[in-house]
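# Analysis of the macromolecular model
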Amino acid sequence: MKNLLLKALIRKPLTEAAPAGGDLAELGRTLEQETRRRLGRSLAIRQVDAGSCNACELEIQATSNPYYDLDRFGLHFVASPRHADILLVTGPVTRNMEVALRRTYDAMPNPKWVVAAGDCAIDGGCFAGSYAVLDGCNAVIPVDLTIPGCPPEPAAIMKGLVALMRGAGETALRGKSAGFRPRSGK
Amino acid sequence: MVEILEMIAAGQTDFRTTPMPRHKLTKAQWEQAADDAARGHVSLLGLWATRGAVHMALMDPNSHAVGVFSLENRRKGFPSVARLHPPAQRLERSITDLFGMRAEGAEDSRPWLDHGAWKITTPLAKAAPREGDAPDYDFLPVIGDGLHQVPVGPVHAGIIEPGHFRFTAQGETVVRLEERLGYTHKGIDHLMRGASIARGAELAQRTSGDSTVAYGWAYAQAVEAALGVTPPPRAVWLRAIMAELERLANHLNDIGAICNDAAFALMLAQCGTLREQVMRAAHAVFGHRFMRDVIVPGGVARDIDSAGRGMLEGLVHDIARDFEPLVELYDNTPSLLARTVGAGILPVDLAAQFGAGGYIGRASGRDFDTRRDLPYAPYDKLVFKVPLRSDGDVNARIWIRIEETRQSLNLLGELLRSLPEGDVLVPVSPMKEQREGLGIVEGFRGDVLVWVALDARGRISRCHMRDPSWFQWPLLEAVIEDNIIADFPLCNKSFNCSYSGVDL
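For the structure given in this document, a descriptive report is provided here.

## Brief notes about the overall build of chain A
- Each helix and strand in chain A was counted, giving six helices and five strands.
- The secondary structure elements of chain A, listed N-terminal to C-terminal, are α-α-β-α-β-β-α-β-α-β-α.
- Counting only residues that meet the buried cut, chain A has 55% of its 186 residues in that class.
- Sequence separation of at least 24 residues holds for 79% of the intrachain contacts in chain A that already meet a minimum separation of 6.
- Of the accessible surface of chain A, which amounts to about 7,600 Å², a share of 52% is contributed by carbon and sulfur atoms.

Have a look at this one:
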């Protein structure tokens, strides 16, 4: 363990060595500025899998690995919807998850935002039209931002959160009823 | 007993290259087969229905010969296999929900996939509109002094899939865990019906995202067998390269995540870094981090060039170098071992009874790996070790995965060295008659089985995909008994069963 820790001290951090380099660094700065300006020092995200194939979950988990390190921007995942500002939804929203998704949303304090991550959460993706799914998150709760992809890559998830931050401040000031709905292009 | 085994032996063909024949059983023979499975004379690989019929895939545990058996002309129900052989239970409950056929004599006839939220019932049979509200789900009663229940899910604390766990505890100790799954049921079997071969491949590779390649390959095997197509050697090699990359990525991720669930975050950061390197290499070489839609029936959709090959060789070298210090770290951290050693023990007899695949079975004495025991190209030409232990605790499952990571690195090196030249895709066309095929592939989690029936136009009339987790989830209920609730995340992560793969 000593060697590993020593190595970690000496070597260049992986976080800077990310291949999306310039892009990612720029993204991080913008994200940090926006977060601080709008909502203080941090923003809490609650993730709900509403029937995904689990690939989206793996990529969301990856945003916390040393290459992306989402936490450094003040964005972190929380266990309870009561602590959350953002609901990050994946999956086509199965009918079997409809109630759980709605209850999670209802348990979050205002102001709150919903991000539909992945093609399934946007419109049901390749499962659209099945008797068992509701063809996306919008059928149950209002979506503020969509992040396309099957699954979206970790960098795309981070980019999506920046886009949300830009709009989030305005609704935070005016109250959720203003109904800000930016949508990223699919 | 002899009868079923003889039928398996008599019908034995290379099921990966030719259509899979089905043995039609009488009701008595069907019951005999269930009894044989219960006694361990045959292993149950799968149980599924088509309209008016039920089918079982069985394997001779000694010769590893595989046969598919059918009981036809059953409209209302079929003799329960689970009555004698409990591993079939959830498969039967799913058949009842989807096809409306009852498992006669089954002890547990509660619904499984149908939570009462669909607008229709029995979607794969003559679907009928649902009438009235769904009754509450009856969890198994628990009687005793000082017991309390802890319901968890379907929405979990972490970034994981949804499922409900009902713990009954006495103090901190779990006396019973009951799982309730089905929350991610997307109706994949229904979407498969009438789908084109290409659409089927799309759905198969989105059934359990972490096993994209394994599902894509098993589906392709089934379709190719049904239509008598042999993919070119280079395509088969590329499939194996992708399959080993997938195994590597998942093992690395999970070794880190298991240790993280024992509050040893350093390992997650280190392993997460290695896993990310694998994902990035997969993206650079195969165009997608999960290598989605690369495997297609007939071969693979894209080739790799010498630069891609060089990049993968570099990856193998780097991971092999960086992984060993982490193994040492795991082995030399007593506070971590104190959590993993002796936690969540899966007894050898239960692993054998359920035919548990993957690292779960191999950590509990079940010496089975599809790549070696039901070999398919290119693994029939490769040398690799299948690790085996019998202690069956969290620690054993970690060590199996450590050893499999090493084996995958070796295999990748060998596959890259011996990659044949040539085409990577041959055309796949319908045969103007009904055809059925079977595919079995060793995913990182265990054996993925796909059975497909194609009509004369090459459309899918039925596709059944059996995730390894069907025979692993029930064992988690047994494993957690007498452990403390706080160790559940640790035990659960050491199993890492798929929700989406079994909910379909």
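Okay, back to it.
## Here's the deal with the environment of Pro-154 of chain A
- With respect to the helices and strands, the residue Pro-154 of chain A is situated in helix 6 (residues 154-174).
- For Pro-154 of chain A, a relative accessible area of 0% translates into the label buried.
- Residues Pro-154 of chain A and Tyr-68 of chain A lie 86 residues apart in sequence; the distance between their C-alpha atoms is 7.6 Å.
- When near neighbours in sequence (up to four residues on either side) are disregarded, Pro-154 of chain A contacts Glu-59, Ala-62, Thr-63 and Tyr-68 of chain A together with Arg-289 of chain B.

## With respect to the interface of chain B and chain A
- Facing the 56 residues of chain B at the interface are 48 residues of chain A.
- In total, about 4,000 Å² of surface goes out of reach between chain B and chain A, with carbon and sulfur atoms giving 61% of it.
- Considering only the surface of chain B that becomes buried against chain A, Ile-159, Lys-186 and Arg-280 of chain B emerge as the three largest contributors, covering 18% of it.
- One salt bridge in this structure joins Arg-275 of chain B and Glu-59 of chain A, with 3.8 Å as the shortest N-O distance.
- Counting residues per element, the ones that place at least two in the side of chain B that touches chain A are helix 4 (188-192), helix 5 (197-204), helix 8 (265-286) and helix 9 (306-331) of chain B.
- The element best represented in the side of chain B that touches chain A is helix 8 of chain B, accounting for eleven residues.
- Across the side of chain B that touches chain A, the residue classes tally to 23 nonpolar, 20 polar and 13 charged.

## Describing the packing of helix 9 of chain B against helix 14 (residues 394-417) of chain B
Residue and element names in this part refer to chain B.
- Orientation of helix 9 relative to helix 14, taken along the N-to-C sense of each, is 160°, at an axis distance of 10 Å. Considering the angle they form, helix 9 stands roughly antiparallel to helix 14. Once helix 9 is placed against helix 14, the crossing between them reads as left-handed. Residues Arg-309, Leu-312, Glu-313, Val-316, Ile-319, Ala-320, Phe-323, Glu-324, Val-327, Tyr-330 and Asp-331 of helix 9 form the contact with helix 14, whose own contacting residues are Asn-395, Ile-398, Trp-399, Ile-402, Thr-405, Arg-406, Leu-409, Leu-412, Leu-416 and Arg-417.

## Focus: the packing of aromatic side chains
Residues and elements named next belong to chain B.
- Inspection of the entire model under this criterion finds 15 aromatic pairs over all chains.
- Aromatic pair Trp-217 and Tyr-379: ring centres 6.1 Å apart, planes at 35°, arrangement tilted. One end of the pair, Trp-217, is in helix 6 (residues 212-227); the other, Tyr-379, is in the loop between helix 13 (370-373) and helix 14, and 162 residues separate them in sequence.
- Residue class for Trp-217 comes out buried when judged on its relative accessible area of 1%.
- A relative accessible area of 2% means that Tyr-379 is categorised as buried.
- Put simply, the rings of Phe-165, Phe-167, Trp-473, Phe-488 and Tyr-499 touch in pairs and so form one group of aromatic residues.
- Above the ring of Phe-139, the side-chain terminus of Arg-166 is found at 3.9 Å from the ring centroid.
- Over the aromatic face of Tyr-379 sits the side chain of Arg-371, whose NZ or CZ is 5.7 Å from the ring centroid.

## Regarding the side chain of Thr-94 of chain A
- Mapping Thr-94 of chain A onto the fold places it in the loop between strand 3 (86-90) and helix 4 (98-107).
- Contacts of Thr-94 of chain A, omitting those with residues within four sequence positions, involve Ala-50, Gly-51, Ala-132, Val-133 and Leu-134 of chain A together with Tyr-183, Thr-184, His-185 and Lys-186 of chain B.

## Points about the sheet that holds strand 10 (residues 164-170) of chain B
Residue and element names in this part refer to chain B.
- Reading across from one edge, 9-10-11 is the order of the three strands in this open sheet, with antiparallel pairing throughout. Strands at the two margins of the open sheet, each flanked by one partner only, are strand 9 (147-152) and strand 11 (173-180). Strand-to-strand, the axes of this sheet are offset by a mean angle of 20°, without reference to chain direction.
- Here seven bridges tie strand 10 to strand 11, and the two strands are oriented antiparallel to one another. Paired with Gln-170 across the bridge in strand 11 is Thr-173.

## A closer look at the environment of Asp-303 of chain B
Residue and element names in this part refer to chain B.
- Mapped onto the fold, Asp-303 is located in the loop between strand 13 (299-300) and helix 9.
- Along the backbone, Asp-303 and Leu-425 are 122 residues apart, and their C-alpha atoms lie at a distance of 9.4 Å.
- Beyond its immediate chain neighbours, meaning those up to four positions away, Asp-303 contacts Arg-234, Leu-238, Gly-422 and Val-424.
- Among the polar contacts made by the side chain of Asp-303, one reaches the side chain of Arg-234 at a distance of 2.9 Å.

Conventions we followed
Residues numbered from 1 in each chain as written. Chains lettered and ligands numbered in written order. Predicted model: local features only at pLDDT ≥ 70, side-chain atom pairs only at ≥ 80, totals over all residues. Heavy atoms only, no water. Helix = DSSP H or I, 4+ residues; strand = E, 2+ residues; numbered from the N terminus. Buried < 20%, exposed > 50% of the residue type's maximum accessible area, 1.4 Å probe, protein only. Contact = heavy atoms within 4.5 Å. Areas by Shrake-Rupley, 256 points an atom, 1.4 Å probe, with all protein chains shown as cover. Buried area = accessible area lost by both parts, 1.4 Å probe. Salt bridge = Lys/Arg side-chain N within 4 Å of Asp/Glu carboxyl O. Nonpolar A, V, L, I, M, F, W, Y, C, P; charged D, E, K, R; others polar. Axes fitted to C-alpha atoms, helices over the stretch in contact; angles between N-to-C directions. Parallel < 35°, antiparallel > 145°, perpendicular 65-115°, else oblique. Left-handed = near helix turned anticlockwise from the far one by under 90°. Phe/Tyr/Trp six-rings, centres within 6.5 Å; stacked < 30°, edge-to-face > 60°. Lys NZ or Arg CZ within 6 Å of the ring centre and 35° of its normal. Pairing = 2+ DSSP bridges. Polar contact = N/O pair within 3.5 Å; in protein donor to acceptor, adjacent residues only side chain to side chain.

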